[in-house]
Amino acid sequence: MSHVQSQTTVTSIAPWISVHSAVEALTFYKAAFGAVELYRLEEEAGKPVLAELSVQGAGFWIQEDPESSPKPDVPGSVRMILTVADPDSLFEQAVAAGAEVVAPVNEGHGWRIGRLIDPFGHHWEIGKRI
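Now for a look at the structure at hand. What you are looking at is a predicted structure, and each value in this text was computed from that prediction instead of being measured.

## Here's the deal with the pairing of strand β4 (residues 58–64)
No. 1: Sheet topology note: the strand β1 (residues 16–19)/β4 ladder contains four bridges and is parallel. Its bridge partner being in β4, V19 is matched across the sheet by E64.
No. 2: Examined bridge by bridge, strand β3 (residues 48–55) and β4 share six bridges and lie antiparallel to one another. Of the residues in β4, the one forming a bridge with L53 is F60.
No. 3: In this antiparallel pair of consecutive strands, β3 and β4, the connection spans two residues, and Q56 shows a positive phi of 50 degrees.

Structure representation (structure tokens):
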């Protein structure tokens, strides 16, 4: 007798962000955050247009959509908070990969946290509760 194991769906929320270039975004997020690619959808020519990424188990999606991507000089209404065990080193890794510092990592309101902007205009808070 065979047993079929059902897959359990876990409720979650994952950002789905627009970028001007999926190729550049994949390169950046892998270098900046150590992101791992979980899924990729490509055009017929093999160019990625959509991808699911994970940073230490925290998932998010990117999609190449230049018209919906944030403009560098206009602040967006959404920020990502990436909570990690060592925010200082991940923050510095992201800056070395090309992110722009908005606020350096510091302590306040029960957090050790810093804020940066990625090359696609998205704001990331990188921190941990203390």
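## Quick notes on the sheet that holds strand β5 (residues 79–83)
No. 1: As summarised here, the arrangement of the four strands in space is β5-β8-β7-β6, forming an open sheet in which the pairing is mixed. The outermost strands of the open sheet, each flanked by one partner alone, are β5 and β6 (100–108). Shown here is a sheet whose adjacent strand axes are inclined to one another by a mean of 15 degrees, direction ignored.
No. 2: Looking at chain direction, strand β7 (residues 111–117) and strand β8 (residues 123–129) are connected through seven bridges and run antiparallel. Residue pairing for β8: I113 is matched across the bridge by G127.

## Description of the packing of aromatic side chains
No. 1: Counted according to the given criterion, the structure contains eleven aromatic pairs.
No. 2: Between F28 and F120 the ring centres are 6.1 Å apart and the planes differ by 70 degrees, which places this aromatic pair in the edge-to-face class. With F28 in helix α1 (residues 22–33) and F120 in the loop between β7 and β8, this pair connects stretches of sequence that are 92 residues apart.
No. 3: Measuring from ring centre to ring centre gives 5.8 Å for Y29 and W124, while their planes differ by 55 degrees; the resulting arrangement is tilted. Of this pair, Y29 sits in helix α1 while W124 sits in strand β8, and the two are 95 residues apart along the sequence. Considered together, Y29 and W124 belong to a single accessibility category, that of buried residues.

The rules behind each value
Note on numbering: residues in each chain are counted from 1, in written sequence order. Under the rules for a predicted model, residues below a pLDDT of 70 receive no local features and side-chain atom pairs below 80 are neither given nor counted, while totals for whole chains, interfaces and linings still include all residues. Hydrogen atoms and water are omitted, and side-chain values are computed over all heavy atoms in the structure. Only when DSSP finds a minimum of two bridges between them are two strands counted as paired. Starting at the N terminus, helices and strands are each numbered in turn, a helix being any DSSP run of H or I of at least four residues and a strand any DSSP run of E of at least two. A fitted line through C-alpha atoms serves as each axis, taken over the contacting stretch for helices, and the angle formed by two N-to-C directions is quoted from 0 to 180°. The pairing test for Phe, Tyr and Trp rings, Trp by its six-membered ring, is centres within 6.5 Å, and the orientation test on the planes gives stacked under 30 degrees, edge-to-face over 60, and tilted for anything in between. Per-residue accessibility, obtained with a 1.4 Å probe over protein chains only, is compared with the maximum for each type, and a residue is labelled buried under 20%, exposed over 50%, and partly exposed between these values.

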